[in-house]
Structures are given as C-alpha cells and as structure tokens.
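# Chains, contacts and geometry: an overview
The primary structure of each chain is shown beneath.
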Amino acid sequence: MRRLMVIEDGHEYEEFARLFLADDFEILAAHSAAEALALLEAQIVDVFLLDLRFDRALEDALVGDVEATARRRFGGDRSRALRHVMEQQGALLLGALREAGHVEPAVFVHDFPPRRLSNLCRLYGDVRAVPGFDAAALREALA
Amino acid sequence: MGAYAAWHAIDPGSPEGRRARARLAQADAAYRDGVTRLEAEGDGARAALARGVAIAPMDPRLYARLGRACRARGLDARAAEYFTKYLAAVPQGDEATEVRAQLEQLDPELAGVFGPAATPSAAPVADGGPSSELRLLGLGALFGLLLALTLAVVLRFFRDRGVSLERLAAERPELHPAIAYLVGSLRHELLKHRIGAAGDALVALRAGSPSEAQLEFLRHRLFGGEELRAAWRSYVEAFERTLGGLDLSRDKSFRRADRAIRRIAQLEPRIAALDAGAIARLASAHEELRAFDQQLAGMAQRLVRARVDDALLAEVVAQVQGEYAVSQAELDALEVLAVEEVAEVEVFRVDLVLVIKNVLRNAIFAAARAEPPRRVRLEVELELEATGEETVSLRVSDTSPEALDREMLLDRRVDRGLGLVTAAVRRYGGSIDVTPGEEGFQKAVVVSFFRAFDDEGVE
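Parameters and conventions
Residues numbered from 1 in each chain as written. Chains lettered and ligands numbered in written order. Predicted model: local features only at pLDDT ≥ 70, side-chain atom pairs only at ≥ 80, totals over all residues. Heavy atoms only, no water. Helix = DSSP H or I, 4+ residues; strand = E, 2+ residues; numbered from the N terminus. Contact = heavy atoms within 4.5 Å. Areas by Shrake-Rupley, 256 points an atom, 1.4 Å probe, with all protein chains shown as cover. Core = buried A, V, L, I, M, F, W, Y, C linked by side-chain atoms within 4.5 Å. Buried < 20%, exposed > 50% of the residue type's maximum accessible area, 1.4 Å probe, protein only. Salt bridge = Lys/Arg side-chain N within 4 Å of Asp/Glu carboxyl O. Arc of directions from axis to C-beta. Buried area = accessible area lost by both parts, 1.4 Å probe. Polar contact = N/O pair within 3.5 Å; in protein donor to acceptor, adjacent residues only side chain to side chain. Nonpolar A, V, L, I, M, F, W, Y, C, P; charged D, E, K, R; others polar.

A tally of helices and strands in chain A yields 7 helices and 5 strands. Reading chain A from its N end, one meets helices and strands in the order β-α-β-α-β-α-α-α-β-α-β-α. When contacts within chain A are restricted to residue pairs at least 6 apart in sequence, those whose partners lie at least 24 apart make up 59%. Accessible area for chain A stands at about 6,000 Å²; split by element, carbon and sulfur atoms hold 51% of it.

The linkage connecting P372 of chain B with the following residue, P373 of chain B, adopts the cis geometry, with an omega of -5°. Following the sequence through the fold, P373 of chain B ends up in the loop between α19 (349-369) and β4 (375-384).

Before going further, it helps to spend a moment on the nonpolar core. With 69 residues, the main nonpolar core has L4 of chain A together with L165, L186 and F254 of chain B as its most contacted residues. Here this core gets 9 residues from one element, more than from any other, and that element is helix α16 (residues 276-301) of chain B. In contact with L165 of chain B, not counting residues within four places along its chain, are I179, V183, F239, L243, L246, L248, D251, F254 and M299 of chain B. Judged by nonpolar contacts, the second largest core, of 42 residues, contains V316, V355, V376 and L418 of chain B.

For the rest of this paragraph, the subject is the pattern of salt bridges. Evaluated as defined, the whole model comprises 47 salt bridges over all chains. Across the pair D111 of chain A and R187 of chain B runs a salt bridge, and its minimum N-O distance is 2.8 Å. Of this pair, D111 of chain A sits in the loop between β4 (106-109) and α6 (114-124) while R187 of chain B sits in helix α10 (residues 176-195), placing the two residues on different chains. Using a relative accessible area of 32% as the deciding quantity, one classes D111 of chain A as partly exposed. Across the pair K443 of chain B and D398 of chain B runs a salt bridge whose closest N-O atoms are separated by 2.9 Å.

Next up on the list: the environment of E140 of chain A. Residues and elements named next belong to chain A. Secondary-structure assignment places E140 in helix α7 (residues 135-142). On the basis of relative accessible area, E140 is assigned to the exposed category, the value being 65%. With 10 residues separating them along the chain, E140 and V130 place their C-alpha atoms 9.5 Å apart.

For the rest of this paragraph, the subject is α6 of chain A. Listed as buried for α6 of chain A are R116, N119, L120 and Y124 of chain A. Down the axis of α6 of chain A, the sector holding all buried residues measures 105°, keeping them to one side. Along its buried surface, α6 of chain A packs onto α5 (89-99) and β5 (127-130) of chain A together with β4 and β5 (390-398) of chain B. The first or second residue beyond α6 of chain A is G125 of chain A, which carries a positive phi of 80°.

With 43 residues of chain B at the contact, the number on the chain A side is 39 residues. Taking both sides of the interface into account, the surface hidden between chain B and chain A amounts to around 3,500 Å²; carbon and sulfur atoms contribute 52%. Broken down residue by residue, the surface that chain B buries against chain A is led by K192, D200 and T387 of chain B, which jointly contribute 15%. As a salt-bridge pair, R73 of chain A and E385 of chain B come within 2.6 Å of each other at their nearest N and O atoms. Summed over the shared surface of chain B and chain A, the result is 24 residue pairs in polar contact (both at pLDDT 80 or more). Breaking the side of chain B that touches chain A down by element, the ones donating at least two residues are α10, α11 (199-207), α12 (212-223), β4, β5, β6 (431-436) and β7 (443-452) of chain B. When residues of the side of chain B that touches chain A are assigned to their parent elements, the largest contribution, 8 residues, is made by α10 of chain B. Class assignment of the residues belonging to the side of chain B that touches chain A gives a composition of 11 nonpolar, 15 polar and 17 charged.

Structure representation (structure tokens):
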C-alpha cells in the first residue's frame, strides 16, 4: 500500500485522511518540517499532503527566516513577516523537503490561482492542489 | 495631480463624484472660515481649519491667503511654507506673481526654484531657517503630507454606516490587506476545516449508510471543539472590530451564513438520531455555507487592483514632469524602462500613482542637486518568491550621492522626506526600501507589493 505523509499544524488533515483515504494509503503524520524530515530518515513516503497555513505553529518550529523576510518584504516589520511565514508555511516547508532530496509529489488542499500553482511547480517539481476537502478529488490528485 | 485635484477629477456624474464635490464644498467653507479668522487674528482659526481637514482636501489656491496671514503675524517660516505650496500646486495661478514676490523676500533661494534666480543682495530668511536644499527635500515631503491627508480624509469620508463588506471593500481600498487577511482566516479555519471537511461524511449520511467513524467525524467537525456559533461569532467580531465598526448584521451574505450556522448548531441532537429531515436541513445549510465560501473567494479576487504597466509609468512621469518645480530641475536623463510583464497589485490606482510620483520627484530633485551626470531611472521588476508568490517592485534609481536610508524613509517629519509615503505603502501591505544603485546609479528607492493573481489560466 502506498504511504501518505500528512504535514499540518493541527490534526484536521490527518483525521480526514484516516477516514476517507485509509483504504488507499498508509497514513503518517508530522507537524513541522523538522518532524517530517526526522520521520523521512526512517520511512519511505510516496506522496505528501500539505496544509498551507500553520497559524497554530510555534515560531521556532517554522521554516523560513522571519528577520530576512521582514527586511526584504515588510519594511522591517517583524510581526507582519511572521504572519506571512505562518500563512505560507506549507510552501516553505515543501522547499525544505525538496532541499533535503525528497521529490515525491506534494498535494495542497488550497484554491491556488493557476499562476501561483504553476510557480510552485516551477520551484518544487510535482505539486498539485485541490480547492477543498473532497475525498474523490484528493484520491485523484494523490494517484 | 495633488489630493484636491484628484478629488475634483472623480467623475461628477457618478455617485462618488457627487459626494466628493459636496465634501469639497463643505470643506472649503470650513477652510475659508479658518483663513478669515487667521487674517482677523481672531480665535478659532485652528479649529476651523481642522474641521476642513476632516472633510476633504483644501483648494491649494487658499495657500496664498494663508501665507499672507501668517506673514502678517510674523510667522515667516510658515508663510514661506504656504507660499511654496501655492506655487507648487498652481504655478500659473492668479496670485502666482505676487506670491513669488513675497517668497522672494522671505527666502530668495527657494523662490528661485519657482522663478528667476534671486540676486545676491536679496534679503536673508528672517528666521534663519533651513537651507534651500533641505527645503527642496521638504517640497517632496509636503506632497507626501497632502497624500497622507487625502488618505486620512478618504478614510473618514467613506467610514462605514452599516454597509456590506463588498461595498466597504469597494469604497475603502486601503482596508484591502485587512479584508484579505480576515477573509482568508474565516475561509481557512471555519469554512474549509470545519464546514467543508464535513462534506464527504454528509454525503454518506444522506446516502443512509454512514459508518460510525464517518458519523463521529461529522459530529467532531461540526459540533466538537469550539462551539460552532461561538467560533462564527468570533470571526464576525474580528471583522467588525478591525474594519472600523462594520456591522455585518446589515450584510445580506453574512446574515444568510449566520442563519445557516445557527441551523446547523440546532440540529446536533437530531443528527445523532439520524433524523432524515434534520439531515436534509443540514445538507441545505452546508450547501449555503459552501456558496458563501465561494462568494468570499470571488470577493477576495475582486479587491481593488492596479495594473503596473507602461501606461501607469507614463502617467506618473507625465504628471511629475508637468510640475513647475520639476520642470526647472536640471536633469541629464530620465529613463523609463519598458514593463516586460504586466502585473496587478492590490492598491488603488490613484494612490499608487501618488506614491510613485513622490518617490520619483524626490529622486529628480536629488539628482538635479548633484554633479553631472544627473540621471534618474524608473523601472518595474518581478521577483519569484520561495512561496510561489511574486513581488512587483517599482524601482526609482538616481545618481545623487545624497544619503537616504531606512530611518529617513520612516521619518514622518514633514521636512525629512518620504515617511508619509512609507506609511501609505504599508497600509496596502507593501514595503518601501533603499538599496544600493546599479549601473552607475548611487541608490534606488524600491516600492514593492505582492502580485495579485487572478483565476485565468496560465499560458
């Protein structure tokens, strides 16, 4: 059976996956880049299911340089930069996975504009997205 | 185009234009009252002028009277400031000659910016004020002040009176970053993770054969954790608190969503009993909330946008070059690089034009004060971010060796440059920074915004 790693800051994706995708996948769960990379040292995964927003994550668990983001994009405003890093954490986390050599397909549950999804593919290879929680659409995207 | 002219330029045949004209007239009465009181050295001048500021921008032709009134009271520095504002805004006005003459007496070097150079024997500045070079910098800052006043008055003018969220977004573009954030949070946390996620379990429920796990999942998402109505209420309150007292009970879409949330909350016991009628009502409410989610997504897509294209740059350059003071600045080259890829940003176009004009004007004056070559360049850059987003940067480079650093950008004092422009940019979720110049330029002021994507397919 194929193995799916869910990476999110809560448990909603994991609950959904265990209920509606467990017939097709063995489900693993991680809640940060560090946790995901640690699990990947011992496990082979076939596909990632990623949350984009990590609003509940602690700052030190986040991927992304908040200070540099504040300087480059938010005029030095650290709180805006932190909020941005949390809101886009899934994309930054995917970057960390790719940097570590994990090139498996990644699926987001997010209604990305086509240009944004195309950019993510340009940056990170095999990236897919479904606009909402829909088991059939997810199964198709994860295939 | 200054703030007053920008208001006047709104189509008078439109509702917004009629409101703008009415407010300008109302403000004009207050401003004239204030000027008259100042001329008569009576009380209440400041309060009357403040009333005007709270309503709409001032007709810049009144600066002539304000300058004379200040000079009559011995406030020479203030008088010179007002005369400068008059000449910057209406260089060919009816009183321009007389105002120029008065400014010549107060500050011959500054007056030279607006007309023939002063003679060496011209009278010194009475209050020993700052040098003319700093005053030139102050000109740019004064326009920044006008910009900030415009934004402040627009905020108060279009304050909500129980309007819908869509209408508020249409009338107050400076709220768009806040609206986008709130809508995104509501959609992500409540409509996606709780309502949307329950969709597949609901399908099973309606089919009449839900597993225990699916039922439990549905119960947990809809009725577990924070009570659904309380969670909804906290989002509504966040909207209303953040968006200036907005009353969402007057927004039809939010009222419908509120009713759907309350219906769902009331159905919990009957869902547990697998009551067919309750399941049907739950499905109907669920469908309404999914439609509400789509409506919010559509609204977020329609938040105000400006196209950053050659036409925008041409308009900025034409307006700046049309200013009398700028036309007197000696520049060797003003380069405008063609926009390679048109992009949109979530900024009201008139505000984007005003911001870039301020930056460009400062750069022109700075370069003109320096030794040759005196060059300025305006260009647009797109940068791909690690998040898949893109940044649109409007870059104004100049050859002036005058220092300009982040602290000066943030400085809100009128005589220190772009602080007010910085505040305006930040209100739209953008950033402004100074970077080292390239290709012979000393420095560049870079105004950046995240690119606004649309739903059109990628070519």
